[in-house]
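# A closer look at the structure
Each chain, letter by letter, is given below.
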Amino acid sequence: MSLATAADGAAPQQNWLDRIGAGHVILAVALLLYPLVASDFFLTQIAGYSMIFGVLALSLMLLAGYGGMLSLAQITVAGIAAYAVAILGSNTSNVLGFGWPWWIVVPFAVAAAAVTSALIGWISVRTEGIYTLMITLAIATATFYFAQQNYAIFNGHSGYAGIHAPVFWGIDWRDPKPFYFLCLGLAMLSYAAVLYSSRSTFGMTLQAIRDNPRRMRALGYHVTAHKVFAWFLAGILAGLAGVLLVWFNGRVSPGTIGVDVAIDILIIAVIGGLRHPIGPFVGAIVVILMQTFAIDIVGAERFNTLIGLVFLAIVFVSPDGILGLWGRIKPHLAQGSLRAGP
Amino acid sequence: MHRRTLLALALFTGLTAPSMALAADDTIKIGLLATFEGPFTVLGEDGERGAMTAVAETNGTVAGKKIEIVKGSSDASPDSAVRAARKLVEQDGVKVLVGPLSGDEGLAVKDYAKTKPDVTFINGTSAAQDTTLRNPAENFFRFSTDGAQWMAGLGTYAFNEKGYKKVATVAEDYSFPYTQVFGFMAEFCKAGGHVPSKSWVPIGNKDFSSVIAAIPEDVDAIYVALGGADAVNFLTQYQQAGGSAPLIGGSITVDQTVLTSKGKLRDVLKGTPSAGPTADTNDAPAWKAFVDAYKKQPGAFPSPSLFAHGYYVNMKATLLALDQVGGDVSDGGKKLREALSKLSFDTPTGKVSLDKNRNAVADIFLTEVTEGSDGNLLNKLVKVVPQVNQTLGIPEDEFMKLGAVNRDNPSCP
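Starting afresh in each chain, residues are numbered from 1 along the sequence in its written order. Naming scheme: in the order in which they are written, chains are lettered from A and ligands are numbered from 1. Per-residue local features of the predicted model are confined to residues with pLDDT of at least 70, and side-chain atom pairs are confined, for both listing and counting, to 80 or more; whole-chain, interface and lining totals are unaffected and use all residues. Just so you know, side-chain values use all the structure's heavy atoms and leave hydrogens and water out.

This brings us to the interface of chain A and chain B. Each partner contributes residues to the interface: chain A has 43 residues there, and chain B has 38 residues. Think of a salt bridge as a Lys or Arg side-chain nitrogen and an Asp or Glu carboxyl oxygen that are within 4 Å of each other. Where chain A packs against chain B, one counts one salt bridge. With a shortest N-O distance of 3.6 Å, A:Arg251 and B:Asp79 are connected by a salt bridge. By the criteria applied, helices consist of DSSP H or I runs no shorter than four residues and strands consist of E runs no shorter than two, each listed in order from the N terminus. Top element by residues in the side of chain A that touches chain B is helix α2 (residues 22-37) of chain A. It accounts for eight residues. Think of it as three bins: nonpolar holds Ala, Val, Leu, Ile, Met, Phe, Trp, Tyr, Cys and Pro, charged holds Asp, Glu, Lys and Arg, and polar takes everything else, Gly as well. Among the residues forming the side of chain A that touches chain B, the class breakdown is 22 nonpolar, 14 polar and seven charged. In this description, contact between two residues means that some pair of their heavy atoms is separated by no more than 4.5 Å.

This is the structure we're talking about:
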């Protein structure tokens, strides 16, 4: 995993545009104007869904890119939040459903997810590399089967249905446009937060721990505490994504937190690239578009093969994802513009 | 700067790809939702063959318009079914959708149907009871019968003819097998039988050793309601474990999707009684004609599975109703839904009509597995139970008192 760039053009005397970055401004404006041109389907099923999975993969990117901890349990953490919304809020499955208002349910759900994530981190933090992957995979699989066979809390295979996004300020937040802006708001906020925290003292320390934990320990840093706190932060992101996911689907069942979905998140993060927080969002868009439209390209029998081949091709051409691909093309483009001069 | 600008532009143009829902006037789009991935893939593909048989019968046209089939794939989980249905309805712009295949998917798609009153949903083969019995959707139609109806006659037959007094059940843990077990036990318990043990296993289970160990020694037979790979895995492992109790099959357990599998499993399956919406040795001319038409589909089984049959019947009903309204769904499908509610037609398996909840009333076939002359295993027709309705002949208010089907209901230990 290559080093995440932390100091990006830190010249003194910046104006606000330089500090935020013109690219960010253009991207934000484009995303804000997107609902004017997109159909409802592209607003929610593609853009909204991509941003939810983008935030989920972002929580993985935070762990893997800055902390060097590869996790397969992010969807499990999101699932905890989703199930918490179903259990504490209201559902139509006639199981539990305390009917609490959303502004109590959401903080509870996110807190539950963050604490679960910290616990998972605490268990797996003493391992490295492939062993972290195995432990988190074991946790994800165990949670999936537990949810599938537990009827008292998780309501078994059918899970919970009839979960509604809240209605307030006279807006039903599951309507396409409001829901898009809800997802966009969360995505932007998480993106900015991760970008900011990567340049903060904590972020720098985390990256230093990733690169040389022994030296950091010798310098007097509490390595385990830093790592567990990174898990906690990732848990908040995954939890928020989980809340949006359950509002989006209107239901949650063990299929939502299955191992295949856990692997999807890893694919999203790897395809997009782990070097920069924009990577997971790029990856999510590619993966969601492929999963939605591959069936129209090659028919119902072989579409999963096509999806697999495209992913393979991306990783083969560029081991560090689409961002890496871009990083390699950019110098050529810059050269081209130099040559094009008179 | 330069880099990010381009990236943003690339994202923007990619995301605003125009939605290509411009169906020409002379074509009519029908969504086909089935399981083309996951543990029920084989079943979904046979469902598609059934639906395409119905389309082929009208030469791919209805009311002078060309039929365009848009396929959606799910993996048997309710989430994926709703996601695929949303894509078909909201992106591809279908006004008529045939599917889904399995029980929980049906319940989820019914809930989704309520949010799309202008779209007409016709079931595939999903057979959970509450898709139409409790809290139904006005625009969801089921011309295939439900899992409890499929069991009509089996419980009585097992008790009286086969002489089984104590039966253990092994079934998958979701709404469709609950419905099947309910249908079997409704008759079996009433006749005086007992079911001391019920095992529920997750879909896609690979290791059945703990389930097999938990089956009581003294049962006369085992009622198995598992589908596809699950049925093959259980039956193989049960035989390897030295199990010898005779079997009673759920509708999809002794279906062609399982009977065509290779190995010693075949010996265990011979003589297994079952019931369902089809029988392979049915010699009615309409059924034979259907089998011939079905066999023209690529990759067809020796005899159509009940998935091919269910998708065929539902697609056939869709096309008949579309023909009646001249292929016109411009009024939000209102006329089409009226035509569907009134529709009564002859299928390869007898007359089908709908009740007030838009659920089919149809003939059910009591069968027994035998070896055909060419060595293929077949479901031999034992008896036809005519015109079974959703309440299994019990008055509706009495039937509703039995409660919703679940793991613990019914019970007669």
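Turning our eyes to something else, we now look at helix α4 (residues 103-114) of chain B. Residues and elements named next belong to chain B. Over its 12 residues, α4 extends 17 Å from the first C-alpha to the last, a length consistent with the 16 Å expected when each residue adds 1.5 Å. Under the scheme applied here, a residue whose accessible area is under 20% of the maximum for its type counts as buried, over 50% as exposed, and between as partly exposed, the area being computed with a 1.4 Å probe on protein chains only. Counted residue by residue, α4 has nine buried out of 12 residues, so it is predominantly covered. Within the sequence span of α4, burial applies to Gly103, Asp104, Glu105, Gly106, Ala108, Val109, Lys110, Tyr112 and Ala113. For α4, the elements touching its buried residues are β1 (27-34), α3 (78-91), β5 (120-122), β6 (140-141) and α7 (175-191). How far a helix is expected to stretch is found by multiplying one less than its residue total by 1.5 Å.

We now examine the domain arrangement of chain B. Residue and element names in this part refer to chain B. Per the domain assignment, the segments making up chain B are domain 1 (27-144 + 284-362) and domain 2 (149-282 + 364-401). The straight-line distance from the C-alpha centre of domain 1 to that of domain 2 is 25 Å. Taken together, the 36 residues of domain 1 in the interface contact 34 residues of domain 2. Carbon and sulfur atoms make up 60% of the surface buried where domain 1 meets domain 2, a total of about 3,000 Å² over both sides. Applying the counting rule to domain 1 against domain 2 returns one salt bridge. The closest approach of N and O atoms between Glu396 and Lys356, which form a salt bridge, is 3.2 Å. In the analysis that follows, any N or O atom pair within 3.5 Å is treated as a polar contact, provided that within protein one partner can donate a hydrogen and the other can accept it, and provided that, for residues neighboring in sequence, both atoms belong to side chains. Inspection of the domain 1/domain 2 interface yields 14 residue pairs in polar contact (both at pLDDT 80 or more). Elements with a minimum of two residues in the side of domain 1 that touches domain 2: α2 (41-57), α4, α12 (285-295), α13 (306-324) and β14 (360-371). The residue inventory of the side of domain 1 that touches domain 2, partitioned by class, reads 19 nonpolar, 10 polar and seven charged. Domain extents, as shown, originate in an automatic or database domain assignment. In short, buried area is how much 1.4 Å probe accessible area vanishes from two parts on joining, totalled over both.

Bringing the sheet that holds strand β4 (residues 96-98) of chain B into the picture now. Across a sheet, paired strands are connected by hydrogen bonds in the backbone, their directions being either parallel or antiparallel. Residue and element names in this part refer to chain B. The six strands are arranged β2-β3-β1-β4-β5-β6 in an open sheet whose pairing can be described as mixed. Two strands close off the open sheet at either side, each with one partner strand: β2 (61-62) and β6. Sheet strands in contact with α13 are β1, β2, β3 (65-73), β4 and β5, and its direction is about 160 degrees off that of β1. Between N-to-C directions, angles span 0 to 180 degrees; the directions come from axes that are lines fitted to C-alpha atoms, helices contributing only their stretch in contact. Lying over the sheet, helix α14 (residues 334-342) contacts β4, β5 and β6, oriented at roughly 30 degrees with respect to β5. Note on pairing: DSSP must find at least two bridges between two strands before they are called paired.

A few words on the pairing of strand β15 (residues 377-388) of chain B. Residue and element names in this part refer to chain B. Alignment of β14 against β15, held across nine bridges, turns out to be antiparallel. When the bridges of β15 are listed, Glu368 appears paired with Lys380. Between the antiparallel neighbours β14 and β15 lie five residues, among them Gly375 with a positive phi of about 90 degrees.

Bringing the packing of helix α3 (residues 40-67) of chain A against helix α7 (residues 176-199) of chain A into the picture now. All names here are of chain A. Where α3 meets α7, the axes come as close as 9 Å, and the angle between the chain directions of the two elements is 20 degrees. The angle between the axes of α3 and α7 places the two elements in the roughly parallel class. Helix-helix and strand crossings are classified by hand; for α3 and α7 the assignment is left-handed. Every residue of α7 that contacts α3 at Asp40, Leu43, Thr44, Ala47, Gly48, Met51, Ile52, Val55, Leu58, Leu62 and Tyr66 is listed here: Pro176, Lys177, Phe179, Tyr180, Cys183, Leu184, Leu186, Ala187, Ser190, Tyr191, Val194 and Ser198. Working rule for angles: under 35 degrees goes down as roughly parallel, over 145 as roughly antiparallel, 65 to 115 as roughly perpendicular, anything else as oblique. Crossing handedness is defined as follows: a turn of the near helix away from the far one that is anticlockwise and smaller than a right angle gives a left-handed crossing, while the clockwise case is right-handed.

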